[in-house]
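For reference, the chains in residue letters:
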Amino acid sequence: MQEETLTKHEQIIRYIEELSVGTHISVRKIAQALEVSEGTAYRAMKEAESLGYVSTKDRIGTVRVEKKEPQPIDKLTFAEVVNIVDGEVLGGAGGLHKSLNKFVIGAMQLEAMKRYIEPGNLLIVGNRTQAHLYALGQGAGILVTGGFQTLDEAKELADELELPIISTSYDTFTVATMINRAIYDQLIKKKIMLVRDIIRTDARVYSLRAEDTVSDMRHWMDETGHTRFPVVDERNKPIGMVTAKDVVGAEAAQPIHQLMTLDPLTVSDQAPVASVSHTMVWEGIELLPVVGKDGKMVGVISRDDVLKAMQYLQTQPQHGETLEDQIWSGMEKVRGKDGEFYYRGTVTAQMTNPIGTVSEGILTTLMSQVAIRTIREQKRGDLIVDSSSNYFLLPIPIDSVIECVPNVLEMSRRYGKIEVDIFCDGKRMAKSTFTCRLTD
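The shown structure was predicted, so the numbers you read here are calculated from the model rather than taken from an experiment.

Here is what the cut-offs are and how they apply
- Residues numbered from 1 in each chain as written.
- Predicted model: local features only at pLDDT ≥ 70, side-chain atom pairs only at ≥ 80, totals over all residues.
- Heavy atoms only, no water.
- Helix = DSSP H or I, 4+ residues; strand = E, 2+ residues; numbered from the N terminus.
- Contact = heavy atoms within 4.5 Å.
- Areas by Shrake-Rupley, 256 points an atom, 1.4 Å probe, with all protein chains shown as cover.
- Pairing = 2+ DSSP bridges.
- Axes fitted to C-alpha atoms, helices over the stretch in contact; angles between N-to-C directions.
- Salt bridge = Lys/Arg side-chain N within 4 Å of Asp/Glu carboxyl O.
- Buried < 20%, exposed > 50% of the residue type's maximum accessible area, 1.4 Å probe, protein only.
- Polar contact = N/O pair within 3.5 Å; in protein donor to acceptor, adjacent residues only side chain to side chain.
- Core = buried A, V, L, I, M, F, W, Y, C linked by side-chain atoms within 4.5 Å.
- Patch = residues over 30% accessible without salt bridge, like charges linked within 9 Å, V, L, I, M, F, W, Y side chains within 5 Å.

Chemist: So what exactly am I meant to see when it comes to the overall build of the protein chain here?
Modeler: The secondary structure content of the protein chain amounts to 14 helices and 23 strands. Contacts in the protein chain between residues at least 24 apart in sequence constitute 54% of all its contacts with a sequence separation of at least 6. When the accessible surface of the protein chain is summed, it comes to about 24500 Å², and 49% of that surface belongs to carbon and sulfur atoms.

Chemist: What is the right way to read the sheet that holds strand β9 (residues 141-144) from this model?
Modeler: Backbone hydrogen bonds hold the strands of a sheet together, and the pairing may be parallel or antiparallel. With respect to topology, five strands assemble into an open sheet ordered β5-β10-β9-β8-β7, the strand pairing being mixed. Each end of this open sheet is capped by a strand with a single partner; those strands are β5 (88-91) and β7 (102-105). Within the sheet, the average angular offset between the axes of one strand and its neighbour, ignoring direction, is 25°. Inspection of the sheet shows β9 paired to strand β10 (residues 165-167) by three bridges, in the parallel sense.

Chemist: Quick question: what am I supposed to make of the pattern of salt bridges here?
Modeler: Pairs may arise between side chains of opposite charge once their charged atoms sit close together. Taken as a whole and assessed by the stated rule, the structure comprises 13 salt bridges. We note a salt bridge from Glu10 to Lys237, for which the minimum N-O separation is 3.6 Å. You can see Glu10 sitting in helix α1 (residues 8-18) and its partner Lys237 sitting in the loop between β12 (228-232) and β13 (238-243), a full 227 residues away along the chain. By relative accessible area, Glu10 is classed as buried at 11%. Residue Arg235 is joined to Asp233 by a salt bridge in which the shortest nitrogen-to-oxygen separation is 3.8 Å.

Chemist: Which parts of the structure should I look at to understand the sheet that holds β12?
Modeler: Ordered by their spatial adjacency, four strands build an open sheet running β11-β12-β13-β14, and the pairing between neighbours is mixed. Edge positions in the sheet fall to β11 (208-209) and β14 (261-262), since each has one partner strand and no second. Two strands pair when backbone bridges link them, and β11 and β12 are joined in this way by two bridges, in the parallel orientation. Its bridge partner being in β12, Arg209 is matched across the sheet by Val232.

Chemist: Whenever I open this one, the side chain of Thr168 confuses me. Can you help?
Modeler: Inspection of the secondary structure puts Thr168 in the loop between β10 and α8 (172-190). According to the relative accessible area criterion, Thr168 is buried, its value standing at 1%. Reaching out from Thr168, the side chain makes a polar contact with the backbone nitrogen of Tyr170 at a distance of 3.3 Å. If we skip the residues at most four places from it in the chain, Thr168 touches Val85, Leu143, Val144, Thr145, Gly146, Gly147 and Val175.

Chemist: Help me out: how do you make sense of the nonpolar core in this one?
Modeler: The nonpolar side chains of soluble globular proteins are, as a tendency, buried together. Ranked by internal contacts, the top residues of the largest apolar core, which has 28 residues, are Leu363, Leu366, Met367, Ile396, Ile402 and Ile422. Breaking this core down by element, the ones donating at least two residues are α13 (323-328), α14 (360-379), β21 (401-411), β22 (415-424) and β23 (427-438). Ignoring any residue separated from it by four or fewer positions in sequence, one finds Ile422 in contact with Leu363, Met367, Ile396, Ile402, Glu403, Cys404, Lys427, Arg428, Met429 and Ala430.

Chemist: What's the story with a nonpolar patch on the surface in this structure? I'm lost.
Modeler: Taken together, the side chains of Tyr391, Leu393 and Leu394 define a hydrophobic patch exposed on the protein surface, amounting to about 300 Å² of accessible area. Assignment of secondary structure puts Tyr391 in strand β20 (residues 383-392).

Structure follows, in structure tokens:
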């Protein structure tokens, strides 16, 4: 096995990883300890911060911290609530990792409150100590608002049951608003599938080294059935890509580095699947190496993986509304006299600019949505808009009824061109032409 060689940058990252949690570090100390320049130490420190190994705080400096692993966003944990409300944990720290399923605002008498408190809840309440004790007895965590404390008896019970008691300086209304916003944002993010969500971590990733031969590649082709492989260096960073077509007619002993495509496109494991789909379609690529923040390969993603993920997303229910969803919510699909479909809606106050007419950005979003929905209905697949030409002919005042009429100009297996007109009182008010690429 070849001995691992690390760059100075990687040596610094590893050095920081091996420090104990709570250790104070600085650029100068690292530069002196590892005999590197302060510039190299600074760049490595910034990457360590982005990786979650260190944190810089006012009046404290830079400290080695426990790296937080990414948490699923289906539910909010008590630890996340602490961060959202800038809270202090008074007791029950052992249960911070637990998820809460509902929060209850304790703005009523205790007897009336009892019927709402259940296991896994978070009770948001002020300095009502009896309510604190009751909630813990029911298996619920507590968020004490207004900066108040709680009884020592409650803290001991919280530690025993591992149910967090959190104190925050915010009032009850502000806290409820902040938590609602956090949950809402997470539900929206849940719809955004990332590459890390679909790459397999339980299966071996087959790759080649530059010094491997055509004979080695043919062996792995027979063994795995794969026809393309990433080529990595000694640090497992992608340096090339080689396919079965590249080795046709090559000598068995010929090294791979003479045949591979250099500097392959790669994709981050944090990238949205939709952007990867665009890259694959645009570049005509069947397989992409997936890299982590350190640039090392953590897996591969194929066009089939992307298409399956996009199809899965289309079958999922709506979890949270984005701005596009809200803009589109007032539109209805209508069938015209000749049987063709178009979309109709009313201009609301939220869609207007300061002078009371529809903003150009809103009009562009509406026309884009009409184009996307029209093509999806015809092709039953997903697409990526490549370009658009927009024309705003007349201002559209608030409370106007508008009609968005699509017209498909071209449609093929991989390409589409469509124009969308917006009418108001029979007059053409705006027009746009879109070109797009279809992903399946």
